[in-house]
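Chain by chain, the residues run as shown.
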Amino acid sequence: MRRLLITGASGFLGSRIIEYYRDRYEVCAPSHKEMDITNREQVLAVFHGFKPQIVIHSAAISDVGMCEREPDRSRRINIDGSRNIAEASAIFRAKFLFCSSDQVYFGSRIQGPHREDERGVPLNVYGKEKLTAEEECLKQNPECTALRLSWMYDTRTLREGEHGDFIRTLALRLRTPDILSYPVNDVRGITDVNEVVRNLEKCAELKGGIYNFGSPNDKNTYETVFDMFRELGWDTMRLRKDEESFREAPRDISMDQKKLNDGGITFPATLESLIRNGGNII
Ligand SMILES: NC(=O)c1ccc[n+]([C@@H]2O[C@H](COP(=O)([O-])OP(=O)(O)OC[C@H]3O[C@@H](n4cnc5c(N)ncnc54)[C@H](OP(=O)(O)O)[C@@H]3O)[C@@H](O)[C@H]2O)c1
C-alpha cells in the first residue's frame, strides 16, 4: 500500500480524507500536538519516520475572521507551516497536494469564472496568506499541486468541535420560521466535501502547479439557493435577496475548470450536487 500523510487530521476536510482512504493507503495522520507544522524539526522527524509517498496538507487556520484578528499566528501556520511541509515533501520526494482557496480571487476585477493563470488578487488576510503559501510551496517543491478549494459542505451531522458549513447552517435555519436571505452580489462555487475527497486521489497524477478544484457555479448565491429550493419543491417564499452584502464591490470568485478537466478531473455543478444532497437534510 502507498504511504499517505495527511495534515489537519482533526479538521473538517482532513477527518473525511482519513475516513475515505484509510483502507486503501497506509495512512499517517499526526495530530497538531504530534506534528506542529510550524515546528520544522518536528515535521522533518515525522517525515523521516513515515517516509510518505503522497502528502495532503490540509492543516491551516481556515477561519477567515481569525486570520484578520490574529495575523501573526495565522501567517506562521498558513505560510511558514505550509513551507515546512513543502520542503519536507521535496526532501522525501513525496507528491505534495496543498489545500489553497478560491479566496485568492476575491479582489479581482475580472469577471469569473477565474483561471489559474490570472494574477491572484486576494483581499483578506486569509486569501493573501494562501496566495503567498502557494508561491512558497511551489518554490520549495515545483512538483507541488496547489488546489484552490471552494466553499465546502457536508450533509452529515456536524461533528463535535467542527465548524459549520453552508448546508448544515441552512438545515438548522430551516427548522426555524426565519426568512433566509442570501447575497445577490456574490458568485462562488459551493462544493460537496465528499466530491473533493474522492477527487484528491487523482491529483497525485497531476503535474505540479495551481489548479481550481471545486464545483463550477455561474449563479449568485441567492439564485443558487432559489433554484435549489424550486427543484426540490421547497417553499421559495422563505427566501429573500440580500442586496447589501458586497454591494459596493460585488464579489465573483467562481472558478474555471478547464485546466482541471484537462487533467481528467471533474466536479458536478454546484446546483446539481445541492439538489442531489438537499433531500438528505430535511
Ligand atoms: N472548509 C472550507 O470550506 C474550505 C474552503 C476553501 C479552502 N479550505 C482549506 O482547506 C483546508 C482544510 O480546511 P478545513 O475546513 O478542514 O479546516 P479546519 O476544519 O479548520 O481544520 C484545520 C486543521 O488544521 C489543524 N492545525 C491548525 N494549526 C496547526 C498546526 N500549527 N500544526 C498542525 N495542525 C494544525 C487543526 O488542528 P487543531 O484543531 O488541533 O489545531 C485542524 O485539524 C485548509 O487549508 C483550508 O484553508 C477550506
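What you see as residue numbers is a count from 1 along each chain, following the sequence as written. With pLDDT at 70 or above as the cut-off, local features in this predicted model cover only qualifying residues; side-chain atom pairs require 80 or more to be listed or tallied, and sums for whole chains, interfaces and linings still use all residues.

Draft legend 1. Looking closely at the overall build of the chain. Helix and strand definitions here come from DSSP, where helices need a minimum of 4 consecutive H or I residues and strands a minimum of 2 consecutive E residues; each element is numbered from the N-terminal end. Secondary structure assignment for the chain yields 10 helices and 12 strands. We take the radius of gyration over the C-alpha atoms and set the globule estimate at 2.2 Å times the residue count to the 0.38 power. Relative to the compact-globule value of 19 Å for 282 residues, the chain shows a C-alpha radius of gyration of 19 Å, a close match. Here a residue counts as buried when 20 or more other C-beta atoms fall within 10 Å of its C-beta, as exposed when 12 or fewer do, and as partly exposed in between; the C-beta atoms come from the backbone. Across the 282 residues that make up the chain, the buried fraction comes to 45%. Restricting to contacts in the chain with at least 6 residues of sequence separation, those with at least 24 account for 77%. We call two residues in contact when the distance between their C-beta atoms, placed using the backbone, is within 7 Å.

Draft legend 2. A look at the pairing of strand S10 (residues 209-213). The element S10 is extensively covered by neighbouring structure, given that four of its five residues are classed as buried. In this scheme, strands are said to pair when DSSP sees at least two bridges between them. Relative to S10, strand S5 (residues 145-149) runs parallel, the two being bridged by five bridges. Bridging across to S10, Leu149 finds its partner in Phe213.

Draft legend 3. Layout of the sheet that holds strand S2 (residues 26-28). Reading across the sheet, the six strands line up as S2-S1-S3-S4-S5-S10 and stay open at both edges, with parallel pairing between neighbours. Strands at the two margins of the open sheet, each flanked by one partner only, are S2 and S10. Taking the axes of each pair of neighbouring strands and ignoring which way they run, one obtains an average angle of 20° across the sheet. With four bridges joining them, strand S1 (residues 3-7) and strand S3 (residues 54-57) adopt parallel strand pairing. Bridge pairing in S3 links Leu4 to Ile54. Helix axes are fitted only over the stretch in contact, all axes being lines through C-alpha atoms; the angle between N-to-C directions runs from 0 to 180 degrees.

Draft legend 4. Geometry of the packing of helix H1 (residues 12-21) against helix H7 (residues 193-203). Two numbers describe how H1 lies on H7: the axes approach to 10 Å, and their chain directions differ by 55°. Here H1 is positioned oblique relative to H7, judged by the angle of their axes. For the element pair H1 and H7, the recorded crossing hand is right-handed. From H1, Phe12, Leu13, Arg16, Ile17 and Tyr20 reach across to H7, where they touch Val193, Val196, Val197 and Leu200. Only Asp, Glu, Lys and Arg are considered charged in this grouping, and only Ala, Val, Leu, Ile, Met, Phe, Trp, Tyr, Cys and Pro are considered nonpolar; every other residue, Gly among them, is considered polar. Of the residues that constitute the contact of H1 with H7, the class distribution is eight nonpolar, no polar and one charged. Here is the rule for angles: anything less than 35 degrees is roughly parallel, anything more than 145 is roughly antiparallel, 65 through 115 is roughly perpendicular, and the remaining ranges are oblique. Put simply, a crossing is left-handed when the front helix is turned counterclockwise from the back one by less than a right angle, and right-handed when it is turned clockwise.

Draft legend 5. Local environment of H1. Burial runs high along H1: seven of the 10 residues are buried. Those residues of H1 that fall on the buried side of the exposure criterion are Phe12, Leu13, Gly14, Arg16, Ile17, Ile18 and Tyr21. Looking at the buried residues of H1, the elements they touch are S1, S2, S3, strand S4 (95-101), strand S6 (151-153) and H7.

Draft legend 6. Broad picture of the site of the ligand. Looking at the ligand, there are 24 residues lining it, with Gly8, Gly11, Leu13, His32 and Ala60 nearest. Put simply, the parts of the chain that give the shell around the ligand at least two residues each are H1, helix H4 (71-91), S4 and S6. Counting residues per element, the shell around the ligand draws most heavily on H1, which supplies three residues. The class makeup of the residues in the shell around the ligand is 11 nonpolar, 12 polar and one charged. Nearness here is judged by the C-beta atom: place it from the backbone, and if it falls within 6 Å of a molecule or strand, the residue counts as near that partner.

Draft legend 7. Just the environment of Asp256, in detail. Along the polypeptide, Asp256 turns up in the loop between strand S12 (251-252) and helix H9 (258-262). The exposure class assigned to Asp256 is partly exposed, which follows from the 16 C-beta atoms found within 10 Å. In this structure, the C-alpha to C-alpha distance between Asp256 and Arg115, residues 141 residues apart in sequence, is 5.3 Å. Setting aside chain neighbours within four positions, we find Asp256 in contact with Pro113, His114, Arg115 and Asn212.

Draft legend 8. Unusual backbone geometry, seen in detail. Gly112 connects to Pro113 through a cis peptide bond whose omega is 0°. Relative to the assigned elements, Pro113 resides in the loop between S4 and helix H5 (125-140). Phi angles above zero are rare outside glycine, and Arg93 is one such case at about 55°. Counting through the fold element by element, Arg93 comes out in the loop between H4 and S4.

Draft legend 9. Molecular detail of the domain arrangement of the chain. For the chain, the assigned domains read domain 1 (3-152 + 190-216 + 255-262) and domain 2 (156-187 + 219-251 + 269-278). Its C-alpha centre places domain 1 at a distance of 26 Å from the equivalent point of domain 2. Listed per partner, the contact involves 12 residues of domain 1 and 11 residues of domain 2. Residue assignment for the side of domain 1 that touches domain 2 shows that the elements contributing at least two residues are S6 and strand S9 (190-192). Its residues assigned to classes, the side of domain 1 that touches domain 2 shows six nonpolar, three polar and three charged. Boundary definitions for the domains trace back to an automatic or database domain assignment.

Draft legend 10. Highlighting the environment of Val55. Among the structural elements, Val55 can be located in strand S3. Note: C-alpha distance between Val55 and Phe229 (174 residues apart in sequence) is 39 Å. In contact with Val55, other than residues within four places in its own chain, are Leu5, Ile85, Ser89, Ala94, Phe96 and Leu97.

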